[in-house]
Amino acid sequence: MQTISVNSQEKIYLQVFSDGVLTQADFLPTLSIYNADSDVYLPGGILSQTPLYTNLNSYDEAEGGVYSYMLTPNITKINMVLEVVWSYTVNGNAVTQTDFYQIETPYSTIPETMDHLGYSAVESNENYLDPAIIAKTEKMARTIIEGYTGSKFYKYYGGQEVRGIGSNNIELTERMVSLDQIYENDILVLDTTQTPAYNTFGQSTEISPTGFQIRVWYPSLQIGVDNSQNPVIYDAGRFRDGWTYRFVGEIGYKYVPEDIKLASMLLQQDILSQDYNWRNKYLTQITLSDITLRMAKGAFNGTGNVLVDNILDQYRRPNIVII
């Protein structure tokens, strides 16, 4: 899958073949763009998907049989997998082709990493390093960080499903930035994207300051003239015990935390070093002439970097179920 940096502008291409040869389509191809993870199954098992953009016109490139479309920042502004469906006709036959593109947020940019590690992108300099290598090491470091913490440190749109425990607040598995919809046992009960807002949930909600809880919102103490509290507002247990709740909105972080950026660059430094290849092959001892290097057991338990482990430990969330 081709990857595209968030908020970037990049061309995507379609090649039309007939009998293994690049061939001009009968008409200019069109394309529709979807969020690949927004599939919804309607009653009866019918797959429904709302396109982000539809019936876009492609551009006819100079080479015969090659077409393109420019993805602009309004399309690449948030992390997601784009599902691009091309439609065209060749030799009278209607064809659809589907391609996928991963929009992703680097935890540290190429210039940031090269400056931190002391490399240069100028080929004539002694400390030159191909920027493409940094792009690869960043992706490896990002994968290690996400695997170690169980979290993603960027903003993306999606949903998460959790079970209620009979309380007015509910614990999330992923950090939430904004909330658009709530589904209760697969039934839509709140949708703030509609005008006016749709709400059969019966209460207003808010995201906790940590981002890891959704809770019933109390606009005030609701104390009456007789000093009695409003029994509706203070009726505990709106998130019913054992019921399933799905929360849809922006998940993750508005921006990459600075310590996560530092952890990414430190891991990239390790990946670029020679001993990383030894550790990656589970070698615990290396003897070079009169020098012997022995790796601690902890090198295989965490990220392999003690400082990075200490940075990331504050973001780790226990993945346990108490019965």
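Before any of the text, the structure's been laid out above.
Residues numbered from 1 in each chain as written. Predicted model: local features only at pLDDT ≥ 70, side-chain atom pairs only at ≥ 80, totals over all residues. Heavy atoms only, no water.

Visitor: Even after reading the chapter, I still don't get the sheet that holds strand β2 (residues 10-15), so can you show me in this structure?
Guide: Paired through their backbone hydrogen bonds, the strands of a sheet run either parallel or antiparallel. Strand order in the open sheet made by the three strands is β2-β10-β9, with antiparallel pairing throughout. With one partner strand each, in any of the chains shown, β2 and β9 (59-60) form the two edges of the open sheet. Relative to strand β10 (residues 66-71), β9 runs antiparallel, the two being bridged by two bridges. Residue pairing across strands places Tyr-59 opposite Ser-68, the latter belonging to β10. (Pairing = 2+ DSSP bridges. Helix = DSSP H or I, 4+ residues; strand = E, 2+ residues; numbered from the N terminus.)

Visitor: Sorry if this is basic, but what is going on with the nonpolar core here?
Guide: The nonpolar side chains of a soluble globular protein tend to be buried, and buried together. Counting residues in each nonpolar core, the largest one holds 33 residues, and the members touching the most others are Phe-239, Phe-247 and Leu-312. By size, the runner-up hydrophobic cluster in this structure holds 22 residues, among which are Tyr-67, Leu-71, Val-84 and Trp-86. (Core = buried A, V, L, I, M, F, W, Y, C linked by side-chain atoms within 4.5 Å. Buried < 20%, exposed > 50% of the residue type's maximum accessible area, 1.4 Å probe, protein only.)

Visitor: Honestly, the packing of helix α3 (residues 258-272) against helix α5 (residues 306-313) in this entry has me stumped. Any pointers?
Guide: When two helices pack together, you describe them by how their axes are tilted relative to each other and by the distance separating the axes. Where α3 contacts α5, the two axes come as close as 10 Å, and the packing angle between them is 155 degrees. In terms of orientation, α3 and α5 fall into the roughly antiparallel class. In the crossing of α3 with α5, the sense of the turn from one axis to the other is left-handed. Every residue of α5 that contacts α3 at Asp-259, Ile-260, Leu-262, Ala-263, Leu-266 and Leu-267 is listed here: Leu-307, Val-308, Ile-311 and Leu-312. Of the residues in the contact of α3 with α5, the class split is nine nonpolar, no polar and one charged. (Axes fitted to C-alpha atoms, helices over the stretch in contact; angles between N-to-C directions. Parallel < 35°, antiparallel > 145°, perpendicular 65-115°, else oblique. Left-handed = near helix turned anticlockwise from the far one by under 90°. Contact = heavy atoms within 4.5 Å. Nonpolar A, V, L, I, M, F, W, Y, C, P; charged D, E, K, R; others polar.)

Visitor: Would you mind showing me how to read the pairing of strand β13 (residues 155-163) here?
Guide: Where burial is concerned, the two faces of β13 differ: the one with Tyr-156, Gly-158, Gln-160 and Val-162 is buried and the one with Lys-155, Tyr-157, Gly-159, Glu-161 and Arg-163 is not. Of the pairings in the sheet, the one linking β13 to strand β20 (residues 244-252) comprises nine bridges and is antiparallel in character. Paired with Arg-163 across the strands is Thr-244, a residue of β20.

Visitor: Looking at this structure, how should I read the side chain of Glu-138?
Guide: Inspection of the secondary structure puts Glu-138 in helix α2 (residues 131-149). Sequence-distant contacts of Glu-138, defined by excluding residues within four places in its chain, comprise Pro-106, Tyr-107, Ser-108, Ser-264 and Gln-268.

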